[in-house]
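# Commentary on secondary and tertiary structure
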Amino acid sequence: MGALKPWHIAVLVVVLILLFGAKRLPDAARSLGRSLRIIKAETKSLHDDDRDLAEKADAQSGYQPLPPQQQQQFAQPQQQPVAPPVDPVQRVREN
């Protein structure tokens, strides 16, 4: 019951030609092919991105935290002397 018979396909082709015209059908098929190609490329890139993220997560799981003495070294940044703020008006008056 669900199988397409050759006369079903022939009727479908005749209806498509009557609806769209013989000149527009190749353009429509071409644009449909391009769209399918783009969709295929995008889904492949999404799949590759997922795989790259999984590999990156696996690679990061191998990192170990620093020992406590090295953590303290990096936890306290060097304090640089900070110059007092200069008032622009006072600076002009001095010159």
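Residues numbered from 1 in each chain as written. Predicted model: local features only at pLDDT ≥ 70, side-chain atom pairs only at ≥ 80, totals over all residues. Heavy atoms only, no water.

Moving on, we come to the overall build of the protein chain. Counting its regular elements, the protein chain contains 4 helices and 0 strands. Helices and strands in the protein chain line up, N terminus first, as α-α-α-α. Taking all 95 residues of the protein chain together, 0% fall into the buried category. When the accessible surface of the protein chain is split by element, carbon and sulfur atoms take 61% of a total near 9,700 Å². (Helix = DSSP H or I, 4+ residues; strand = E, 2+ residues; numbered from the N terminus. Buried < 20%, exposed > 50% of the residue type's maximum accessible area, 1.4 Å probe, protein only. Areas by Shrake-Rupley, 256 points an atom, 1.4 Å probe, with all protein chains shown as cover.)

Attention shifts here to helix α1 (residues 6-20). An α-helix turns once every 3.6 residues. As a result, residues three or four positions apart point the same way. Between the first and last C-alpha of α1 there are 21 Å, a value that for 15 residues agrees with the 21 Å anticipated at 1.5 Å per step. The first or second residue beyond α1 is Gly21, which carries a positive phi of 90°. (Expected span 1.5 Å × (residues − 1).)

The grouping of Trp7, Val11, Leu12, Val15, Leu16, Leu19 and Phe20 at the surface amounts to a nonpolar patch, some 700 Å² of accessible area in total. The residue Leu12 is located in helix α1 in this model. (Patch = residues over 30% accessible without salt bridge, like charges linked within 9 Å, V, L, I, M, F, W, Y side chains within 5 Å. Salt bridge = Lys/Arg side-chain N within 4 Å of Asp/Glu carboxyl O.)

When the pLDDT values of the protein chain are averaged, the result is 77; 72% of them are 70 or greater. In the model of the protein chain, helix α3 (residues 68-75) stands out as the element of lowest mean pLDDT, 55, in contrast to α1, which has the highest, 89. (pLDDT = per-residue confidence, 0-100.)

Before going further, it helps to spend a moment on a negative patch on the surface. A cluster of acidic side chains, namely Asp49, Asp50, Asp52 and Glu55, defines a negative patch on the protein surface. Within the element layout of this structure, Asp49 appears in helix α2 (residues 24-60). The exposure class assigned to Asp49 is partly exposed, which follows from its relative accessible area of 41%. (Lys, Arg positive; Asp, Glu negative; His and termini not counted. Charge placed at Lys NZ, Arg CZ, Asp CG, Glu CD.)

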